[in-house]
Every structure is written in structure tokens, then in C-alpha cells.
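These are the residues of each chain, in order.
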Amino acid sequence: MQEQLIKAMQRNQLLDMMYIANDGAVTKRRIKIIKMAGDKFQAYCFTKQAKRTFIFDNVLAIAPVAHKEGWVV
């Protein structure tokens, strides 16, 4: 999982992430990774509209965003 996050950061990709918080709550977040350090990474969370710090071990699943929402085809 960590390798996928590193690649996404290098490619400047948006990700959809399922994450389990320390209190056990599971949330879906749309993020863009800013930096990584040790067992944590910092990302801009579009869901919360703020920078957040996440723990690698708490990431349940990630998927690259295939399209940008709001586009009319």
C-alpha cells in the first residue's frame, strides 16, 4: 500500500481512500498527498477541505480518481 501511495504522490494524483480513524470510525476521503515521513503522510483532504496527517497502517483501500467531478460531457 505504501508503494502505491508513493507512486501517487510522484504522479501528483488524486486518490479516493477508505481510512479508519483511531476511534474506529471508517471514512471515505478524497486526498492529494503532500509529503511522507516515517509511518505517516500528510495530504490535502478535499472532504474536510484541510491538510490532514494520516497513518499508513490505518489506510484500508485506495483508488486513483479516474475523472474530475463536475465536468459535463
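What you are looking at is a predicted structure, and each value in this text was computed from that prediction instead of being measured.

Participant: Mind showing me how you'd approach unusual backbone geometry here?
Facilitator: Backbone phi values are negative for most residues with the exception of glycine, while trans is the configuration of most peptide bonds. One non-glycine residue with positive phi stands out, namely Asn-12, at about 60°. In this fold, Asn-12 is placed in the loop between helix 1 (2-10) and strand 1 (14-20). Look at Gln-49: it is not a glycine, yet its phi comes out positive at around 55°. When you line up the elements, Gln-49 lands in the loop between strand 3 (40-45) and strand 4 (50-55).

Participant: Help me understand the pattern of salt bridges, please; the structure alone is not making it clear to me.
Facilitator: When the charged atoms of two side chains with opposite charge come close together, those side chains can pair. Applying the stated criterion to the full structure yields one salt bridge. Arg-30 is the salt-bridge partner of Asp-16, the closest N and O atoms lying 2.8 Å from each other. Residue Asp-16 is found in strand 1, and its partner Arg-30 is found in strand 2 (residues 26-37); the two are separated by 14 residues along the sequence. Using a relative accessible area of 19% as the deciding quantity, one classes Asp-16 as buried. Look at Arg-30 and you get buried, because its relative accessible area is 19%.

Participant: Explanation requested: the nonpolar core in the structure shown.
Facilitator: Generally speaking, soluble globular proteins have nonpolar side chains that are buried together. Counting residues in each nonpolar core, the largest one holds 13 residues, and the members touching the most others are Leu-5, Leu-15, Met-17, Ile-31, Ile-33, Phe-41 and Phe-54. Ignoring sequence-local partners within four residues, the contact set of Ile-31 consists of Gln-13, Leu-14, Leu-15, Met-17, Phe-41, Ala-43, Tyr-44, Cys-45, Phe-46 and Phe-54.

Scoring rules and cut-offs
Residues numbered from 1 in each chain as written. Predicted model: local features only at pLDDT ≥ 70, side-chain atom pairs only at ≥ 80, totals over all residues. Heavy atoms only, no water. Helix = DSSP H or I, 4+ residues; strand = E, 2+ residues; numbered from the N terminus. Salt bridge = Lys/Arg side-chain N within 4 Å of Asp/Glu carboxyl O. Buried < 20%, exposed > 50% of the residue type's maximum accessible area, 1.4 Å probe, protein only. Core = buried A, V, L, I, M, F, W, Y, C linked by side-chain atoms within 4.5 Å. Contact = heavy atoms within 4.5 Å.

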